[in-house]
Amino acid sequence: MRGIYVFLIITVLCLGFMYMVEAGKVLYLKPRRFTPYVIINPYAYRNYYEIPENENSTLERMLSIAKDLGFEGIGVYGLEGWMAENRLPLILDLIEDYGFEALIYINWLDLTRNVTDPNCWDQTGFPYNQTQVNAFLNYVGNISLIAREYVCVKGYVVQYPHWSENLQNLTEWWLHVVNSTEYKENLQKIINRIHSIDPEREIYLSNDMIEHHFVSDFYESSRVPYDFANITGFGFSCYSTKLNRYLDDLDYYYKFFKDMSKKYASGKVVFSEWGFKTNPYGNIEGRVRDEKEKAEWIKKVVEHTKPWDCPVCYFMLHDFPKEYNNDWGIITDNLTLKPSAYAFKETLNANKEWYEDPLFFGIVLFLIILGIFAFYLVYKSF
């Protein structure tokens with residue numbers, strides 16, 4: 001009789017473990033592989049501190065849609081808004097409830113100003129304005145204190161700060177600032193602040209296509225420093241400038257940053273941003289003719305990157321009306337699916353191997369336990 005009780009207890013534990021895996025609560029058991037992410041940022045379509053009454057339900061619907069489309073991770077963008085409104089725990093709670101992984105995107109800001117001040121996005125204070133650096137260190141420290149409490153958080157994507165207000169600023173930064181002692185030392189301080197508070201999580205430095213503005217051969221001409229302590233690897237953005245060579249560009253970026261990561265860190269990378277828009281305004285990066293071409297290229301990129309062993313993060317789930325009304329999104333304002341969303345659903349849910357289902361893992365575990373129990377009964381009968 002005691003053996004029956006033991007068997008029932010083990011069965012309950014096994015079923016509980018199956019549920020946890022299925023719900024995404026045991027993220028660290030997952031092997032490193034292609035992991036599709038989609039980025040969300042409500043501050044792309046609304047103003048800071050102007051929180052709609054239905055925003056929580058809207059965020060839940062967005063996450064439900066992302067899950068149905070086949071995404072496995074969420075890129076949390078707009079940290080300045082989440083922190084200013086004290087709502088970072090809200091979105092991380094929801095992400096965890098839906099069984100997603102999460103990456104936290106951190107961009108330099110002048111936090112001596114309020115986030116409602118457009119000048120807070122002026123990055124020319126880095127690295128020489130120590131007051132701004134100290135304010136930013138407090139900011140990333142507070143983010144880390146919250147994020148470390150969540151199992152869903154896989155890591156942080158820290159963008160290299162760069163002077164991007166105009167080409168003259170960017171050129172000055174490239175020629176005189178990025179290889180300065182102050183630049184590297186203060187960027188290391190940011191990394192160290194995150195690592196000291198949340199040492200178990202991954203930290204990636206992401207380039208945001210900086211090199212693209214200056215050179216075609218990163219190996220010969222890149223000035224961005226790579227030799228930092230406490231980083232896991234590098235992230236990279238890659239938006240198309242010429243569609244006929246875009247897949248080749250992807251391979252070039254992936255190999256370059258993979259090699260840099262092997263040389264200076266763990267060998268891991270994150271494809272931190274890619275996307276397509278049909279809006280002709282603003283930058284040319286990522287521009288396609290229409291939604292049909294956007295859907296076609298999404299399929300191509302997903303299929304092309306499936307062999308990569310890294311997160312692949314689409315920018316973004318919804319449109320970006322506050323930036324030239326750019327239509328990066330794959331859902332509309334009323335959360336209906338665009339053709340590009342169906343492209344993700346088709347490619348992300350296609351050809352999934354049967355052994356990738358967590359339920360299969362649980363069944364195998366159950367059968368192993370059942371076999372051990374059967375052996376025990378036979379043994380006891382002799």
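For the structure, see preceding data.
Now for a description of the structure that goes with this document. (Residues numbered from 1 in each chain as written. Predicted model: local features only at pLDDT ≥ 70, side-chain atom pairs only at ≥ 80, totals over all residues. Heavy atoms only, no water.)

As a further point, take the side chain of lysine 277. Assignment of secondary structure puts lysine 277 in the loop between β7 (268–274) and α10 (291–305). Buried and unpaired, lysine 277 has no salt bridge, with glutamate 323 as the nearest side chain of opposite charge at 6.4 Å. Looking at lysine 277, its side chain comes within polar contact range of the side chain of asparagine 326, at 3.3 Å. Excluding its chain neighbours within four sequence positions, the residues that come into contact with lysine 277 are Gly282, Asn283, Glu285, Gly286, Arg287, Val288, Asn326, Asp327 and Trp328. (Helix = DSSP H or I, 4+ residues; strand = E, 2+ residues; numbered from the N terminus. Buried < 20%, exposed > 50% of the residue type's maximum accessible area, 1.4 Å probe, protein only. Lys, Arg positive; Asp, Glu negative; His and termini not counted. Salt bridge = Lys/Arg side-chain N within 4 Å of Asp/Glu carboxyl O. Polar contact = N/O pair within 3.5 Å; in protein donor to acceptor, adjacent residues only side chain to side chain. Contact = heavy atoms within 4.5 Å.)

So, about the pairing of strand β2 (residues 73–76). Neither face of β2 is left uncovered, since the one carrying Gly73 and Gly75 and the one carrying Ile74 and Val76 both have all their residues buried. The β-α-β motif built from strand β1 (residues 35–40), the intervening helix α2 (residues 55–69) and the parallel element β2 has right-handed crossover chirality. Sheet topology note: the β2/strand β3 (residues 101–106) ladder contains 4 bridges and is parallel. By the bridge assignment for β3, glycine 75 is matched with leucine 103. (Right-handed = clockwise from strand over helix to strand, strands pointing away. Pairing = 2+ DSSP bridges.)

A cis amide bond links phenylalanine 126 with the next residue in sequence, proline 127, at an omega value of 15°. Counting through the fold element by element, proline 127 comes out in the loop between β3 and α5 (130–147). Cis peptide bonds are those with omega within 30 degrees of zero, and the linkage from phenylalanine 315 to methionine 316 qualifies with -10°. On the secondary structure map, methionine 316 appears in the loop between β8 (311–314) and α11 (339–348). With a phi angle near 70°, leucine 335 is a residue other than glycine that sits in the positive phi range.

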